[in-house]
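Take a look at the letters that make up each chain.
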Amino acid sequence: MDSTPLAIDLPEHWTGSFKLTQTATGAYVGMASLSFGGIPRWVLVITPQLSLDAAMERVRLRVGHFIRERDLKPKA
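Cut-offs and rules
- Residues numbered from 1 in each chain as written.
- Predicted model: local features only at pLDDT ≥ 70, side-chain atom pairs only at ≥ 80, totals over all residues.
- Heavy atoms only, no water.
- Helix = DSSP H or I, 4+ residues; strand = E, 2+ residues; numbered from the N terminus.
- Buried < 20%, exposed > 50% of the residue type's maximum accessible area, 1.4 Å probe, protein only.
- Phe/Tyr/Trp six-rings, centres within 6.5 Å; stacked < 30°, edge-to-face > 60°.
- Pairing = 2+ DSSP bridges.
- Core = buried A, V, L, I, M, F, W, Y, C linked by side-chain atoms within 4.5 Å.
- Contact = heavy atoms within 4.5 Å.

S.K.: Let's hear about unusual backbone geometry: which residues, and what values?
M.R.: In this structure, histidine 13 takes a positive phi of about 80° despite not being glycine. By the secondary structure assignment, histidine 13 is in the loop between β1 (3–7) and β2 (14–22). With a relative accessible area of 51%, histidine 13 lands in the exposed category.

S.K.: Account for the packing of aromatic side chains, naming residues and giving values.
M.R.: Within the structure shown, the criterion is met by three aromatic pairs. Geometrically, the ring pair formed by tryptophan 14 and phenylalanine 36 is edge-to-face, given 4.9 Å between the ring centres and 65° between the ring planes. Residue tryptophan 14 is located in strand β2, and its partner phenylalanine 36 is located in strand β3 (residues 28–36); the two are separated by 22 residues in the primary sequence. Of the residues examined, tryptophan 14 reaches a relative accessible area of 6% and is grouped as buried. Classification of phenylalanine 36 by relative accessible area gives partly exposed; the value is 32%. Through successive ring pairs, a cluster of aromatic residues spans Trp14, Phe36, Trp42 and Phe66.

S.K.: Tell me about the pairing of β3, and name the residues and values.
M.R.: Pairing of β2 with β3, which is carried by nine bridges, proceeds in the antiparallel orientation. For threonine 21, the partnering residue across the bridge sits in β3 and is valine 29. By the bridge criterion, eight bridges tie β3 to strand β4 (residues 39–49) in an arrangement that is antiparallel. In the sheet register, alanine 32 faces β4, and the bridge partner there is leucine 44. Linking β3 back to β4 in an antiparallel pair, the connection comprises two residues, with glycine 37 at a positive phi of about 65°.

S.K.: Before we move on, can you summarise the nonpolar core with the specific residues and values?
M.R.: Core analysis: the largest hydrophobic core is formed by 12 residues, namely Trp14, Phe18, Leu20, Tyr28, Ala32, Leu34, Leu44, Ile46, Ala55, Val59, Val63 and Ile67. For this core, the elements supplying multiple residues, two or more each, are β2, β3, β4 and α1 (52–72). When residues of this core are assigned to their parent elements, the largest contribution, four residues, is made by α1. Every residue in contact with alanine 55, bar those within four places of it in the chain, is listed here: Leu20, Tyr28, Ile46 and Gln49.

See the structure below:
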């Protein structure tokens, strides 16, 4: 399995990266790591996708959704 680490463009105060691995069947799976304010906070799992482009789009979709939901929650 080949692994591809990539960077993610995120809003201010957020940083992240993701790592995709191609499985023996040709699908792409991976994890997206997110940090807020420089502190590692969350890891999102990327389920099997049929192509690298589909996997990258899934990362953008999941990360974008996660950040929007997180930013909408009241601050404690």
